[in-house]
Amino acid sequence: PPPPPPPAARSGMLQNTSFHAFRDVQSCMAFSPPKRASESTEPHTVPVLTLGIFTESIWIDFGEACAVGRSYLRTFRVSWSPQPEFGGGDVPVEVEHVPERKGFGLALSDGGTLHKGSTVDVPSLSSIDLVVSWVPMAPGGVREAVHLKPAPRGRLRIALRGFALGCGGGP
């Protein structure tokens, strides 16, 4: 192996390395984590929640420039392909939790509102579209979840996130 550099060269390398490390730290500060497979990478792609026992959660992102007091809507699809543990017919799905106190709501695509305890039937070999609404009540970030329970067992989670701006923000 080559001999180690003289002490003066090592200190220069350390200074140069620390400068680049600082630049790398700055670039990491703007880093955003990779998207999950269930997240939409295109603005018009509808996330799909497939009914099943070990179904992965989906994420619905309202964005980072939502205006306080303005309503935002996102659609997701609940899909059903019969599995032996559920039987072969339609599956009733109960709404277990909607974070209404944080300004979120859940509705059918035709406009019917869903609250805790509401049930919607997902037809066999088909899907239904549900709409999540959010009216930010205060500036800042929010991360909440909607919980659905398909009969006879299991729980499905729809993670919701967004960031609200005070005055004049949002498209």
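Structure: see above.
Everything numeric here is computed off the predicted structure, so don't read it as measured data.

Q: What exactly am I supposed to notice about the pairing of strand β9 (residues 126-134) here?
A: Walk down a regular strand and you will see the side chains alternate between the two sheet faces. Looking at chain direction, strand β4 (residues 72-80) and β9 are connected through nine bridges and run antiparallel. Its bridge partner being in β9, Tyr 72 is matched across the sheet by Trp 134. Summarising the sheet, strand β6 (residues 104-108) and β9 pair through five bridges and their orientation is antiparallel. By the bridge assignment for β9, Leu 106 is matched with Val 132.

Q: In this structure, what is going on with the pattern of salt bridges? I would like to understand it.
A: As a working rule, side chains carrying opposite charge can pair if their charged atoms are close by. Across all of its chains, the model carries three salt bridges by this definition. Residue Asp 129 pairs with Arg 77 through a salt bridge whose shortest N-O separation is 2.8 Å. Here Asp 129, found in strand β9, pairs with Arg 77, found in strand β4; they are 52 residues apart in sequence, far enough to count as distant. Asp 129 gets classed as partly exposed once you look at its relative accessible area, which sits at 24%. Of the residues examined, Arg 77 reaches a relative accessible area of 29% and is grouped as partly exposed. Residue Glu 96 is joined to Arg 155 by a salt bridge in which the shortest nitrogen-to-oxygen separation is 2.6 Å. Within this pair, whereas Glu 96 is found in strand β5 (residues 91-97), its partner Arg 155 is found in the loop between β10 (140-150) and β11 (156-165), the two being separated by 59 residues in sequence. Judged by relative accessible area, Arg 155 falls into the exposed class, the value being 54%.

Q: Please explain the sheet that holds β6 as it appears in this structure.
A: Strands in a sheet are paired, the pairing made by backbone hydrogen bonds, and the direction either parallel or antiparallel. Taking strand neighbours across the sheet as the criterion, the five strands line up as β1-β4-β9-β6-β7 in an open arrangement whose pairing is mixed. Only two strands of the sheet have a single neighbouring strand rather than two, namely β1 (48-50) and β7 (113-114).

Analysis parameters
- Residues numbered from 1 in each chain as written.
- Predicted model: local features only at pLDDT ≥ 70, side-chain atom pairs only at ≥ 80, totals over all residues.
- Heavy atoms only, no water.
- Pairing = 2+ DSSP bridges.
- Helix = DSSP H or I, 4+ residues; strand = E, 2+ residues; numbered from the N terminus.
- Salt bridge = Lys/Arg side-chain N within 4 Å of Asp/Glu carboxyl O.
- Buried < 20%, exposed > 50% of the residue type's maximum accessible area, 1.4 Å probe, protein only.

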